[in-house]
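Breakdown of the fold
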Amino acid sequence: MGERCCAALVRLLVLQAAWALSGGQVRYSVPEEAKAGTVVGRLAQDLGLEAGEAEARRLRLVAQGRRASVEVSGASGALLVSSRLDREELCGKSAPCALRLEVLLERPLRVFHVQLEVTDINDNAPVFPAARKNLTLSENSPPGFQIPLEGASDADIGANAQLTYTLSPSEHFSLDLQKSNERNIVPDLVLTKPLDRETIPVHRLVLTATDGGRPSLTGTMELVISVLDANDNAPKFNQSVYKVQLPENATEGTLVIRLNATDADEGINTKIIFTATSFIPPSGRDVISVNPKTGEIHLTAPLDFEEVSVFDFRIEATDQGTPPLSGHCRVELEVLDVNDNAPEVWVTSLSVPVAEDASVGTVVALLSVSDRDSGENGRVRCWVWPASPFGLEATFLGSYSLVLREALDRERVSEYEVEVRAEDGGAPALRARRGLRVPVSDVNDNAPLFAQAVYTVLARENNAAGAELARLWARDPDEAANGRVSYSVWDGGLGVGVGGAAGSSSSSGGMGWRPASSYVSVDAESGRLWALQPLDYEELQVLQFEVRAVDAGEPALSGNATVQLFVLDENDNAPALLPAAGSAAEAAALAGAGSESGTLWAWAAWGAPAGQVVAKIRAVDADSGYNAWLRYELCEPQGGKGPFRVGLYSGEVSTARALDEADGPRQRLLIVVRDHGEPARSATATLSVSLLEAAEAALAAGSSAASSSSSAVSRSAAGAELGPGAASAATNVWLVVAICAVSSLFLLAVVLYGASRWAPRAAVLSGPGPTTLVCASEVGSWSYSQRHSRSLCVADGAAKSDLMVFSPNFPPPPPGPAAKDTQPEPSALLDTVSFPSFIPFSAPLHPTSDLMLL
């Protein structure tokens, strides 16, 4: 027996396993009860895949609700049996038993449909309803009398379920095999010879059922026939076959049919009892019940067309005679389909998240749709709601692809709730829906954007290194690394203007270029702008640079913002006294000056009138504005009782009254130079004035003038300037005075000619707009309009990179020397100086205490 089963299995395994391409479907067959690991077919090869491609592209089966008992080998791509295959469990009596499988292939995503037919083997023997059947038969039954027997059932199909019956040898009985319908053969026991109860009261026979398999299997039932005395009329039905139709939604208790049987006998032999037997399929016992007295058949359980569409059973009518006789009929109950099953939607594959730059037509999910009903009730229509930006495309019968129909934008919609809806063609139509959540993954498609294109930052000079100057912020709507912004100072922008060092004599030394990153830095994460070093207004007034914001995406995107940093001046520089003599013309006019051991000295003649200029104190302040506006005060002698006074803003030392011998041979003056800053800073100068006779003063003036004329071209600055004596010289010195005067005039002419030829031109300041620049001097204020470019020529002195800006509202000075000392302070300081386009400005001006407008 076992060897024959193995031979049949081998024959089935070598049957056709090739795939017949019909709409992209591969078909295989495998016998049931095949061992685990049995190769059903070379799926990868039949799909046209190369060696190793099945494993690389993850060839696999997609489950569809019930266990398929097969699997795809990842290494070989073969379709293998994974667990026990029982055709009767999978398909019951349905033929053929075809399993519909879906095979998924990735990169690119494709789906194939495989139909696996499980073929039947003869693994089920015929089974009778009972191992023993008790029958009664009247002894007066004539030969040819037939007793219906319950046939055996075989779970197999086809030839394996075709049954033949044999009866053990008997001289009184034989079998009559009849087809009750196109599928079943029912055996009847036929009386071939009259019975004699007194001879044989009980007949014991064996009924054997043999199926058509190879090898065939058999089942037996023992027949115990009791012979009774005559009740010679059996009940009879008015027809042998009753056909009934009921919808599957019929409720429990529904009347199926009322049967009627008659018995020609009389009395107790005419009382009939109805019973139901021979159910095909056997589950029919639980679906109907028969009233034994009335013959009414009622439903006892719900009907389901999708499980059983036809019930076949027999009704036996038995009288109460002695012996009882029975008549039989067959009932066929056909179940009619109604639309009681809604469509079912399964997601077989879901590829999420979807990149926001995914192209139109990208497959997002694979779906399978089915309806267990038949006909129009099982015809399904599918669609997607909402319709945008996804759609459905039918790929095979009952299979759909969810594809992208429009471009995505994660910044606008980061996640979609998609609903796949299905509706069948029944009346009324039934619907189903399946929700899908489709998140959209981010790509780096947005550059960082600053809140402002230009940031204006004000910072006071002498700030601490590391001080926070401002906070910059750029927004990037992308997420994660694509939206993480880092900041940096971009040295590719404009440089900074750096003022030349004090005392520079070259105009090219007044401008230097340094990268912005040497002054400021920005925190890469927070955007905090902070100073790397203390800022110096005298070195840097305006710094313009760019800050770049770069995200961490791939490729990285960036955005820029311009930062204009204005340095505000602080009073951090004290006035500084200039160390040397002035120009040749001044030296000739103010002869008699000198210095000794850090003390300035000058000569004055007794009898000099009040207001006579004796000397001039020169000083400069590296700050700007009020912080660089200087005033001069005489500290010693105190109380203002001395013979000299100093101009408040000019620094000119002049006689306060006529000098006489009572003033002594020498006057020591202590002069304080203060700026207008808060707090004010100051410097002191000591001036020693020698009082001489008029003749001595004239000789000293002549000698000093000659010395000053010969060295004026090489000197760059003067510490004090002194006026010549005005008293008449003695007659014995007129000749010397005349000679010195002629020599001085000659040297002065030479110096003026050389100065006019080789003196460097001053910077030219010009700019657009009506802004008026007001420049301060020791004698008042002057202004000019930037609408007309003018050259500003300044006296020799230290270089300076700012202009003091005042309102030109001073009244004209009164006549006389004393007017310089009584000039009022400026009433207002203008707030801004306009530079074109915020370009760092560093003009090599020379703001000494004298300015001339040419």
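Residues numbered from 1 in each chain as written. Predicted model: local features only at pLDDT ≥ 70, side-chain atom pairs only at ≥ 80, totals over all residues. Heavy atoms only, no water.

With that out of the way, let us pick up the sheet that holds strand 25 (residues 354–355). Strand order in the open sheet formed by 4 strands is 25-31-30-27, and the pairing between neighbours is mixed. Each edge of the sheet is formed by a strand with only one pairing partner; in this case those strands are strand 25 and strand 27 (380–385). As paired strands, strand 30 (residues 415–424) and strand 31 (residues 431–441) are joined by 9 bridges and run antiparallel to one another. From the neighbouring strand, glutamate 419 faces strand 31, where its bridge partner is glycine 435. (Pairing = 2+ DSSP bridges. Helix = DSSP H or I, 4+ residues; strand = E, 2+ residues; numbered from the N terminus.)

With that settled, the discussion passes to the pairing of strand 31. Pairing analysis gives 2 bridges linking strand 25 to strand 31, with the strands arranged parallel. Note that in strand 31 the partner of alanine 355 across the bridge is serine 441. Hairpin connection, strand 30 to strand 31: the antiparallel pair is bridged by 6 residues.

In this section: the environment of threonine 136. Considering the arrangement of structural elements, one finds threonine 136 in strand 8 (residues 132–138). For threonine 136, a relative accessible area of 39% gives the class partly exposed. (Buried < 20%, exposed > 50% of the residue type's maximum accessible area, 1.4 Å probe, protein only.)

Here the focus is the nonpolar core. If you look at the biggest cluster of nonpolar residues, it comprises 28 residues, and the most contacted ones within it are Phe450, Val520, Phe545 and Leu565. Secondary structure elements with two or more residues in this core: strand 33 (454–460), strand 34 (468–471), strand 36 (485–490), strand 39 (520–522), strand 40 (528–531), strand 41 (542–551) and strand 42 (558–568). If we skip the residues at most four places from it in the chain, phenylalanine 450 touches Tyr455, Leu472, Trp473, Ala474, Tyr487, Val547, Arg548, Ala549, Gly559, Asn560 and Ala561. (Core = buried A, V, L, I, M, F, W, Y, C linked by side-chain atoms within 4.5 Å. Contact = heavy atoms within 4.5 Å.)

What follows is about a negative patch on the surface. On the surface, a cluster of negative charge is contributed by Asp660, Glu661, Glu693 and Glu696. One can find aspartate 660 in the loop between strand 50 (652–655) and strand 51 (666–675). (Patch = residues over 30% accessible without salt bridge, like charges linked within 9 Å, V, L, I, M, F, W, Y side chains within 5 Å. Areas by Shrake-Rupley, 256 points an atom, 1.4 Å probe, with all protein chains shown as cover. Salt bridge = Lys/Arg side-chain N within 4 Å of Asp/Glu carboxyl O. Lys, Arg positive; Asp, Glu negative; His and termini not counted. Charge placed at Lys NZ, Arg CZ, Asp CG, Glu CD.)

Taking strand neighbours across the sheet as the criterion, the 4 strands line up as 33-42-41-36 in an open arrangement whose pairing is mixed. Since the sheet does not close on itself, it has two edges, and those belong to strand 33 and strand 36, each with one partner. The average undirected angle you get between the axes of adjacent strands in this sheet is 30 degrees. Bridge count for strand 36 against strand 41 is 6 bridges, and the pairing is antiparallel. Its bridge partner being in strand 41, tyrosine 487 is matched across the sheet by alanine 549. (Axes fitted to C-alpha atoms, helices over the stretch in contact; angles between N-to-C directions.)

Take it as geometry only, folks, not as evidence of what the structure does.
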